[in-house]
Amino acid sequence: MAHPLSANPKIFVQILRWTLLIIPVAVIVGSLNAFFLWILNLANETRIDNAWLIYLLPLAGIVIVYCYRNLGKNSEGGNNLIMDEIHEPGAGIPTRMGPLVLITTVITHLFGGSAGREGTAVQIGGATTHWLARVFKLNEADTRLILIAGVAAGFGAVFGTPLTGAIFALEVLAIGRLRYDAIIPALFAAILADVVCSAWGAHHTHYRIDFLETITLFEHAIKVDIVMIAKIVLAAVAFGLAGYLFGELTHVFKDIFKATLKNPYLIVVVGGLIVIAAVQLIGNYDYIGLGVYSSREGGVSILSAFTEGGAEWYSWLLKLLLTAITLAAGYKGGEVTPLFFVGATLGNTMAWLLGAPVDLFAALGFLAVFAAATNTPLACTIMGIELFGAEHMLYFAIACYTAYYFSGHTGIYSSQRVAVPKLFDLDGAPTITHKLGELRDTHSSLLKTVVKKYTK
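All residue numbers here refer to positions counted from 1 along the written sequence of the relevant chain. Only residues with pLDDT of 70 or above have their local features reported here, since the model is predicted, and side-chain atom pairs are shown and tallied only from 80 upward, although totals for entire chains, interfaces and linings are computed over all residues. In computing side-chain properties, one takes all heavy atoms of the structure into account and sets aside hydrogens as well as water.

Per an unreviewed UniProt entry, the protein chain carries the name Voltage-gated chloride channel protein and comes from Photobacterium proteolyticum. UniProt positions are given in the numbering used here, feature names are shortened, and annotations may be inferred rather than shown by experiment. In its Subcellular location (unreviewed entry) section, the UniProt entry covering the protein chain states "Membrane".

Here is the structure:
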């Protein structure tokens with residue numbers, strides 16, 4: 001029997017090989033994401049300074065649909081196409097996906113759509129690495145690994161959270177399963193892409209939790225507050241249901257649009273008109289765009305949600321609805337930053353209801369709604385540490401995993417597989433390899449059942 005150390009030279013060679021492969025991935029993806037963040041910020045500032053641009057949103061939607069139908073090949077599949085290619089190679093990822101989603105996401109934000117940026121960054125990473133896989137003539141197994149590394153690089157660079165990016169790329173592929181065969185390429189890619197992105201001058205939002213606690217029991221210091229944990233579990237149930245609602249409503253609006261309007265150009269125009277009408281009814285522009293910063297004094301944003309009175313009780317619902325409509329209608333961008341907004345503002349409200357620290361619960365909502373909608377509780381727990389520090393790590397984990405369970409077998413990525421069903425699944429969901437999209441077709445939710453009934 002060979003000694004375990006006899007494999008060390010081979011391991012070293014493999015790590016060296018993947019390091020050399022990952023360097024161009026990190027340089028290209030990090031640079032493209034730096035450019036994306038710069039031009040996206042410019043687009044948002046331009047929209048804020050020229051509020052009338054929102055009235056051109058339907059026209060912008062027509063341009064987006066035209067680009068994808070005539071130039072995009074199969075780019076419309078987006079993140080789901082990348083997941084499918086990792087699981088079952090063959091369909092291919094067009095190189096044009098990267099620049100196309102970058103341009104159309106900027107158009108969406110410039111004209112007032114409610115969307116994020118994670119989807120764009122991930123698709124830039126996926127398209128870039130698939131092209132590099134062809135250039136390097138990688139085999140099927142190596143192509144899968146480099147695609148995962150591309151997802152990690154895109155996510156890690158756009159949010160400035162490299163460890164989260166690496167874990168997210170592994171965890172998002174299948175519910176309940178983490179395969180570590182790609183951890184070295186993913187981690188290298190995420191770290192280096194973040195370094196490159198930062199070196200270009202890209203800036204990431206800084207968040208903080210000021211709440212600190214000293215807990216004693218029988219005059220002895222303990223690490224956790226049992227009452228606080230009970231409050232966090234209650235709030236996390238709400239966060240999980242919010243993540244479920246976001247995923248379901250996005251799919252439901254797509255179903256309604258396709259069943260009633262059918263024509264994609266008509267769908268995107270009607271979706272744009274709905275967003276415009278909603279903004280007029282709301283009376284401000286707080287709930288469009290990224291929502292990280294407010295466009296007005298006293299407005300609602302992710303950052304404002306960390307302060308008492310920084311959000312209305314219904315803020316999370318307005319952002320959730322506007323984002324679901326925007327994406328379902330065919331506008332481009334990610335879901336994650338809007339999910340941060342939904343979670344932070346819902347956390348603000350739950351803190352008020354439960355008599356809890358606002359900044360802590362805004363952070364918990366920020367992480368847990370994302371965990372629920374993407375089925376990535378481990379990545380979101382790590383994100384909490386990277387963004388907020390390790391002081392409240394246990395609370396982050398409790399919130400993320402509780403929300404994950406209460407979101408059920410749904411999510412924003414229809415190509416995500418169910419490898420291990422969630423606990424407390426009373427309906428007997430399939431045990432392995434089913435996509436969430438397929439599961440949704442065979443195990444209809446109440447919302448989908450209602451849509452089917454009234455759109456026949």
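Alright, that's what it looks like, and here's the rest.
(A) Structural detail: the overall build of the protein chain. Secondary structure is summarised from DSSP: a helix means a run of H or I of at least four residues, a strand means a run of E of at least two, and numbering begins at the N terminus for each. Along its length, the protein chain carries 17 helices and 5 strands. Computed over the C-alpha atoms, the radius of gyration of the protein chain is 22 Å, within 12% of the 23 Å expected from 2.2 N^0.38 for a compact globule of 456 residues. Over its C-alpha atoms, taken along the principal directions, the protein chain stretches across nearly 70 × 70 × 50 Å. Within the protein chain, the proportion of its 456 residues that are buried is 56%. Every accessible area reported is derived by Shrake-Rupley at a probe size of 1.4 Å, with residue values counting cover from the shown protein chains alone. When the accessible surface of the protein chain is split by element, carbon and sulfur atoms take 66% of a total near 19,700 Å². Across the protein chain, the mean location of the 29 positive side-chain charges is 11 Å away from that of the 30 negative side-chain charges. All radius of gyration figures rest on C-alpha atoms, and the globule criterion is 2.2 Å times the number of residues raised to 0.38. Exposure categories follow from relative accessible area, calculated using a 1.4 Å probe and restricted to protein chains: below 20% of the type maximum is buried, above 50% is exposed, and the middle band is partly exposed. When charges are counted, neither His nor the chain ends are considered; positive counts come from Lys and Arg and negative counts from Asp and Glu. To locate a charge, take atom NZ for lysine, CZ for arginine, CG for aspartate or CD for glutamate.

(B) Layout of the pattern of salt bridges. Basic side-chain nitrogens of Lys or Arg form a salt bridge, by our definition, when they fall within 4 Å of a carboxyl oxygen of Asp or Glu. Applying the stated criterion to the full structure yields 8 salt bridges. D210 is the partner of R208 in a salt bridge, and the nearest nitrogen-oxygen pair spans 2.6 Å. R208 gets classed as exposed once you look at its relative accessible area, which sits at 59%. Here D210 falls in the partly exposed class, since its relative accessible area comes to 49%. Here the salt bridges share partners, and the residues they tie into one network are D84, E88 and R417.

(C) Representation of the UniProt feature "transmembrane region" (unreviewed entry) in the protein chain in the model. Per the UniProt record, the feature "transmembrane region" (unreviewed entry) sits at residues 15-40, 52-71, 145-170, 182-202, 222-245, 265-283, 351-373 and 393-413. Secondary structure within residues 182-202 divides into 81% helix and 0% strand; the distance between the first and last C-alpha atoms comes to 27 Å.

(D) Structural view of the packing of helix α4 (residues 97-110) against helix α5 (residues 118-135). Axis definition: a line fit to C-alpha positions, over the contact stretch in the case of helices; interaxial angles, taken between N-to-C directions, run 0 to 180 degrees. The N-to-C vectors of α4 and α5 enclose an angle of 165 degrees; their axes lie 8 Å apart at closest approach. Looking at the two axes, α4 sits roughly antiparallel to α5. Of the two possible hands of crossing, α4 and α5 adopt the one that is left-handed. On α5, the residues that touch M97, G98, V101, L102 and T105 of α4 are T120, Q123, I124 and A127. Under the grouping applied here, Gly and all other residues not named as nonpolar or charged are polar, the nonpolar ones being Ala, Val, Leu, Ile, Met, Phe, Trp, Tyr, Cys and Pro and the charged ones Asp, Glu, Lys and Arg. Its residues assigned to classes, the contact of α4 with α5 shows 5 nonpolar, 4 polar and no charged. Should an angle fall under 35 degrees it is taken as roughly parallel, and over 145 as roughly antiparallel, whereas 65 to 115 is taken as roughly perpendicular and any remaining angle as oblique. In this scheme the handedness of a crossing depends on how the near helix is turned from the far one: anticlockwise by less than a right angle means left-handed, clockwise means right-handed. Should any heavy atoms of two residues lie within 4.5 Å, those residues are considered in contact.

(E) Region of interest: the domain arrangement of the protein chain. These domain boundaries are the output of an automatic or database domain assignment. The domains assigned to the protein chain are domain 1 (9-200) and domain 2 (226-418). If you look at the interface, domain 1 gives 52 residues, while domain 2 gives 51 residues. In total, domain 1 and domain 2 occlude about 4,300 Å² of area from one another, counting both sides; carbon and sulfur atoms represent 65% of this. The term buried area denotes the loss of accessible surface (1.4 Å probe radius) that occurs when two parts are joined, taken as the sum for both partners. Taken as a group, S114, E171 and I175 account for 17% of the area that domain 1 buries against domain 2, more than any other trio of residues on that side. On inspection of domain 1 and its partner domain 2, the count reaches 3 salt bridges. Across the salt bridge formed by K332 and E76, the nearest N and O atoms sit 2.7 Å from each other. In protein, a polar contact means a hydrogen-donor-capable atom and an acceptor-capable atom, both N or O and within 3.5 Å, with residues adjacent in sequence counting only if both atoms are side-chain atoms; elsewhere, any N or O pair within 3.5 Å suffices. Put simply, domain 1 and domain 2 have 27 residue pairs in polar contact (both at pLDDT 80 or more) between them. If you list the elements that add at least two residues to the side of domain 1 that touches domain 2, you get α1 (8-49), α2 (57-71), α3 (78-87), α4, α5, α6 (140-159), α7 (162-171) and β1 (174-175).

(F) Inspection of the packing of aromatic side chains at higher detail. Working definition: rings of Phe, Tyr and Trp (its six-membered ring) pair if their centres are within 6.5 Å, and the pair is stacked with planes under 30 degrees apart, edge-to-face with planes over 60 apart, and tilted otherwise. With the rule as written, the count across this model stands at 17 aromatic pairs. Seen in terms of ring centroids, F340 and F370 are 5.5 Å apart; in terms of plane orientation they differ by 85 degrees. Their pairing is edge-to-face. Highlighted residues: F340 in helix α12 (residues 336-354) and F370 in helix α13 (residues 358-374), separated in sequence by 30 residues. By the burial criterion, F340 is buried, and F370 matches it. Grouping aromatic residues by their ring pairs yields a cluster made of F155, F159, F168, Y207, F306, F340, F366, F370, F388 and F396. Whether a charge lies above a ring is judged from NZ of Lys or CZ of Arg, which has to be within 6 Å of the ring centre and within 35 degrees of the ring normal. Its end group placed over the ring of F341, K319 keeps NZ or CZ at 5.4 Å from the ring centre. When the ring centre of Y68 is taken as origin, the NZ or CZ atom of K332, which lies over that ring, is 4.5 Å away.

(G) Spotlight on the environment of F366. Among the structural elements, F366 can be located in helix α13. For the pair formed by F366 and V336, sequence separation is 30 residues and the distance between their alpha carbons is 9.7 Å. If sequence neighbours within four positions are ignored, F366 has contacts with Y207, I302, F306, F340, G343, A344, M383, L387 and F388.

(H) Representation of unusual backbone geometry. One non-glycine residue, K137, adopts positive backbone phi at about 55 degrees. The phi dihedral of K262 is positive, around 65 degrees, even though this residue is not glycine.

(I) Summary view of the environment of I229. When you line up the elements, I229 lands in helix α9 (residues 226-260). When near neighbours in sequence (up to four residues on either side) are disregarded, I229 contacts V224, Y395 and I398.

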